Structure formats: C-alpha cells, structure tokens
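Now for the letters of each chain:
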Amino acid sequence: MSISFAQHALENSFERVSPDFTHKTNQAEVLLRDWRRTAPDAFTVTAAWPATHPFYVNRLGLHDPLLLSETVRQTLPLLSHGAYRVPFGHQLLWKDFGWSLDPSAACADGGPAELELHITCTEVTYRRERAAAISLSVEVERGGRHLAAARSRFTIQDRTVYNRLRGPYADAAAATARAVPLPPPAGLTPFGRDRFEDVVLAATDRPDRWQLRVDTTHPTLFDHLVDHVPGMLLLEAARQAALATAHPGTAAVTGMESDFARYAEMDAPAGWRPSGWPSPAGCGSAPGSTTRRSSPAWSP
C-alpha cells in the first residue's frame, strides 16, 4: 500500500513577495523577499537589509533600527492581501506597534543582513470573507540568532468607510498640496543624521520640543502619495527626538512602543516631545532602554 499527501502550496515552498503586496512604489525599497504559510495563521517571511542605503544609515556599527520598523510594516499589507483576502485599495490603519532589538545581533558587517521573520497572527476578525483587524507577533532571526521581537495590531477599512472617516482629508493629492511650508531642520549630528534633508524635526521656542518637518518630496518617507503624515516619519521623529534629548552621538534606540490615536495632518504644524530616552549602545553592547511614545494613527 502506498499513501500520498497533498498540502497547500504555501506550506511546501516559498513564494516571491510582489512589490504591490508591500505598498511600495520603488521596487528597490522592498525589503521582503519570500514568504509562505506554515499554519492557518502563522507565516515565515524572509527579508534582506541592504549593506548601505541613503536614508537607513548604519550608525555606531549597527544597522539602522528603522529598517526593523519598515520590515515589519511591509508584512502588514503582504499578509492582508496575500493571506487574508484584503482587496487592493483598502486602507490599513495602525493601532499600535512595539519592538525590541538586540544590538549585538544588529551589527553592520559590510554586507546585507539576511533575515527570517516568524509571524503569528491572532485576534483576526473578519468582515464577510476578508480580514477586518489583525494582531500579529513577530520573531526576527539573523543567521539563526535572535535579532528582534515585534508586535502590532491594525484594522482594515474599505475605501467607502475610509473616505467617510477622513472627510475632506481623504484626497491624497489635495492633502499633499496643502502641506505647510517646510521649516529648516533643527540640527544634524544630535539627531543621528548626516544629511539635513533626513532630519524630520524643526526647532521651537522650547529646547525639549520640536515641530515635525514634513518633506513630501522625500524619496523614502514619501514613496507614494498619502493623505496624512506617514507613520514611518513619526517613528523616525521619535527616534531623532530621543537621541537629541538623551545621549547625542553615543546612543542607539533599541526598542519602541507606539500607540496610534489620531492622524497627524500635513496642513498644520505638529509638535513633538519624547516620553522616553535611549541608553548608550553600540555593536556588542547590552540593549538600551525602551523609547516610549504616543503617535497619531497611520495607514501602513
């Protein structure tokens, strides 16, 4: 007697990640490589961080931790469209996002970093046949070694509901056209940046408070039109504010907890004050303290 088995294709082999599934216009900015389903609500995704990048700059011997945020962000639309039947055109709304990273595993060794993400989705709610909300936890490995852990929850709205939610702000082109004039950057080195165009904070009359700089022409933060300040810009603002406040030139942010409560619009100045600080860190050091903050809502 012989017995043969048939399994879902995604359980047997990896499938290449389509750039469309990451909501990136520039294919060179896609960090995810392949993915497969390993259980009804569990997935393995491979990713690669570039050796060099004009915006995600290596610092203190470490890969830019914002790469971790962007890598996880790209898995949200990937799984929504690829695994949970969410049509293109629906809006993903981030509710919360947290991560912690082991800096000793994030060392930049001159080459790209090959990653494997093990993702478990829980509390998946449905509207008809497609997912309406998903919580996910992510374990990230590099060369078989633990690199980071992340967790997030996001909801999904169809375009009709989203238009009603956003009202006059739903038109991305109009919202971009209404963006306030770009103020000068507050500085350079204290924010961990080498180029003024990558500083996302402007000075105010308070040394511990900043205004967001929303440069709608930035090729990485504004890869495509959006109707509000992108979440990645907000996360980078949190990192820059924490570095400038705590240990300028000697610190690396190794963790972050974010709650997304409302939108940051582009037609009015938005203020900023960090609610936590990083500790000194570098390649091979112990993890620093977690940076905590609250932020507006965001569509990944």
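The written sequence of each chain sets the order in which its residues are numbered from 1. Under the rules for a predicted model, residues below a pLDDT of 70 receive no local features and side-chain atom pairs below 80 are neither given nor counted, while totals for whole chains, interfaces and linings still include all residues. The side-chain values count all of the structure's non-hydrogen atoms but skip hydrogen atoms and water molecules.

1. Digging into the pattern of salt bridges
Side-chain pairs of opposite charge can arise where the charged atoms are in close proximity.
Moving on, step 1. Think of a salt bridge as a Lys or Arg side-chain nitrogen and an Asp or Glu carboxyl oxygen that are within 4 Å of each other. According to the stated counting rule, one finds 17 salt bridges in the structure shown.
Moving on, step 2. The salt bridge partner of aspartate 64 is arginine 193, with a shortest N-O separation of 3.9 Å. Taken as a pair, aspartate 64 in the loop between β3 (42–49) and α2 (66–83) and arginine 193 in the loop between α4 (172–177) and β8 (201–203) lie far apart in primary sequence, 129 residues in all. Summarising the burial analysis for this pair, aspartate 64 and arginine 193 share the class buried.
Moving on, step 3. One salt-bridge network, held together by shared partners, links Asp64, Arg193, Glu236 and Arg239. A helix here means a DSSP run of H or I that spans at least four residues, while a strand means a run of E at least two residues long, and both kinds are numbered starting from the N terminus. A 1.4 Å probe rolled over the protein chains alone gives each residue an accessible area, and that area as a share of the maximum for its type sets the label: buried under 20%, exposed over 50%, partly exposed in between.

2. Some details on unusual backbone geometry
Moving on, step 1. Residue glutamate 123 is not a glycine yet carries a positive backbone phi of 50°.
Moving on, step 2. As for its position among the elements, glutamate 123 is in strand β5 (residues 113–127).
Moving on, step 3. One non-glycine residue with positive phi stands out, namely arginine 128, at about 60°.
Moving on, step 4. Here arginine 128 falls in the exposed class, since its relative accessible area comes to 78%.

3. With respect to empty space enclosed by the protein
Moving on, step 1. Think of a 1 Å grid over just the protein atoms. A cavity is a set of points where a 1.4 Å probe fits yet cannot get out, a pocket is an open set with protein on both sides within 12 Å along at least five of seven lines, and lining residues have an atom within 4 Å of a point. Grid points are joined across faces, edges and corners, and a volume is the space filled by probe spheres set on the points. Applying the stated criterion across every chain yields a total of four cavities of 30 Å³ or more.
Moving on, step 2. Along its surface, the second largest cavity is lined by Glu197, Val199, Val200, Arg213, Asp215, His218, Leu221, Phe222 and Leu233.
Moving on, step 3. When residue character is reported, Ala, Val, Leu, Ile, Met, Phe, Trp, Tyr, Cys and Pro are called nonpolar, Asp, Glu, Lys and Arg charged, and the others, Gly included, polar. Along the lines of polarity and charge, the residues of the lining of the second largest cavity split into five nonpolar, one polar and three charged.

4. Quick notes on the environment of threonine 22
Moving on, step 1. With respect to the helices and strands, threonine 22 occurs in the loop between β1 (15–16) and β2 (32–39).
Moving on, step 2. Looking at threonine 22, the relative accessible area reads 0%, which means it is buried.
Moving on, step 3. Contact criterion: two residues are considered in contact whenever any of their non-hydrogen atoms come within 4.5 Å of each other. Contact partners of threonine 22, with chain neighbours within four places excluded, come to Val17, Val30, Leu32, Arg73, Gln74 and Pro77.
Moving on, step 4. One polar contact links the side chain of threonine 22 to the main-chain carbonyl oxygen of proline 19, over a distance of 2.7 Å. In protein, a polar contact requires one atom able to donate a hydrogen and another able to accept it; more generally it is a pair of N or O atoms within 3.5 Å, and residues adjacent in sequence count only if both atoms are side-chain atoms.

5. A closer look at α2
Moving on, step 1. By definition here, a helix of n residues has an expected span of 1.5 Å times n minus one. Look at α2: 25 Å from first C-alpha to last across 18 residues, which is about the 26 Å you get at 1.5 Å a residue.
Moving on, step 2. Of all 18 residues that make up α2, 17 are buried, and the element is covered over most of its length.
Moving on, step 3. Looking at the residues trailing α2, positive phi occurs at arginine 85, about 60°.

6. A look at the packing of α2 against helix α5 (residues 231–245)
Moving on, step 1. Working convention: axes come from line fits to C-alpha atoms, limited for helices to the stretch in contact. Angles between N-to-C directions cover 0 to 180 degrees. At their nearest, the axes of α2 and α5 sit 11 Å apart, and the two run at 155° to each other. As the angle between them shows, α2 and α5 are arranged roughly antiparallel. Crossing handedness for the pair α2 and α5: right-handed. Between α2 and α5, the contacting residues are Leu66, Ser69, Glu70 and Arg73 on the first element and Met232, Leu235, Glu236 and Arg239 on the second. Angular relationships are summarised with four words: roughly parallel below 35 degrees, roughly antiparallel beyond 145, roughly perpendicular across 65 to 115, and oblique for the angles in between. Put simply, a crossing is left-handed when the front helix is turned counterclockwise from the back one by less than a right angle, and right-handed when it is turned clockwise.

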